[in-house]
Amino acid sequence: MVFSSPGFLFLFFPCFYALYFLLPKTWRNGFILLASLGFYLLGAGALTIVALVLLVVNYLLAGAIGKLRRHEAASPRSRSSSTSSGANWSAATCSGDSTCSSSAWRRNC
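Calculation criteria
- Residues numbered from 1 in each chain as written.
- Predicted model: local features only at pLDDT ≥ 70, side-chain atom pairs only at ≥ 80, totals over all residues.
- Heavy atoms only, no water.
- Helix = DSSP H or I, 4+ residues; strand = E, 2+ residues; numbered from the N terminus.
- Buried < 20%, exposed > 50% of the residue type's maximum accessible area, 1.4 Å probe, protein only.
- Contact = heavy atoms within 4.5 Å.
- Areas by Shrake-Rupley, 256 points an atom, 1.4 Å probe, with all protein chains shown as cover.
- pLDDT = per-residue confidence, 0-100.
- Polar contact = N/O pair within 3.5 Å; in protein donor to acceptor, adjacent residues only side chain to side chain.
- Expected span 1.5 Å × (residues − 1).
- Patch = residues over 30% accessible without salt bridge, like charges linked within 9 Å, V, L, I, M, F, W, Y side chains within 5 Å.
- Salt bridge = Lys/Arg side-chain N within 4 Å of Asp/Glu carboxyl O.

### Comments concerning the overall build of the protein chain
Okay, so step 1: Across its full length, the protein chain carries five helices and zero strands.
Okay, so step 2: When the elements of the protein chain are put in sequence order from the N terminus, they spell out α-α-α-α-α.
Okay, so step 3: In the protein chain, which comprises 109 residues, the proportion classed as buried is 11%.
Okay, so step 4: Sequence-distant contacts in the protein chain: of pairs separated by 6 or more residues, those separated by 24 or more amount to 16%.
Okay, so step 5: Of the accessible surface of the protein chain, which amounts to about 8,700 Å², a share of 70% is contributed by carbon and sulfur atoms.

Below, the structure written as structure tokens:
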């Protein structure tokens, strides 16, 4: 289903819009999530599972990144050591022109 299809314009969107404003404000974000997944399911079918898996993986990775940042903020020593090791890795991987293939890596060489 695409946004310009009659099914979306005259069935899905009006129902979604009406239900959205009938729900309490605390439920609206969850409703948007479920309605989006329903829309993907109607349009892409089995690829909705891929979207769900990616959603969960991104959520877990974002949590891990947040935990790492909180841990680094709590101990300044670990931040300086991770920064220096990152700089060492960058220098080691960009030791010659042949190893730097993208423009972002060339700027670090």
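Now that the structure is up, let's keep going.
### Re the confidence of the model for the protein chain
Okay, so step 1: Of all residues in the protein chain, 69% attain a pLDDT of 70 or more, and the chain-wide mean is 78.
Okay, so step 2: Note that pLDDT drops below 50 for residues 89–95; the model gives that stretch eight contacts with residues more than four away or on any other chain.

### Things to note about the side chain of Thr48
Okay, so step 1: Mapped onto the secondary structure, Thr48 falls in helix H3 (residues 47–74).
Okay, so step 2: Using a relative accessible area of 8% as the deciding quantity, one classes Thr48 as buried.
Okay, so step 3: Of note is the side chain of Thr48, whose polar atom sits 3.3 Å from the backbone oxygen of Tyr40.
Okay, so step 4: Reaching out from Thr48, the side chain makes a polar contact with the backbone oxygen of Gly45 at a distance of 2.8 Å.
Okay, so step 5: For Thr48, the contacting residues outside a window of four places in its chain are Leu37, Tyr40 and Leu41.

### What to know about helix H2 (residues 28–44)
Okay, so step 1: For H2, with 17 residues, the first-to-last C-alpha span of 24 Å sits near the 24 Å given by 1.5 Å per residue.
Okay, so step 2: Arg28, Phe31, Ala35, Leu37 and Phe39 are the residues of H2 that are buried.
Okay, so step 3: Residues of H2 that are buried in the fold lie against helix H1 (6–22) and H3.

### Considerations on the environment of Phe12
Okay, so step 1: Considering the arrangement of structural elements, one finds Phe12 in helix H1.
Okay, so step 2: C-alpha separation for the pair Phe12 and Gly38, spaced 26 residues apart in sequence, amounts to 9.7 Å.
Okay, so step 3: Beyond its immediate stretch of four places on either side in the chain, Phe12 contacts Met1, Gly7, Ala35, Phe39 and Leu42.

### A few points about a nonpolar patch on the surface
Okay, so step 1: Judged by side-chain polarity, Leu33, Leu55, Val56, Tyr59 and Leu60 come together as a nonpolar surface patch covering roughly 530 Å² of accessible area.
Okay, so step 2: Here the nonpolar patch gets four residues from one element, more than from any other, and that element is H3.
Okay, so step 3: With respect to the helices and strands, Tyr59 occurs in helix H3.

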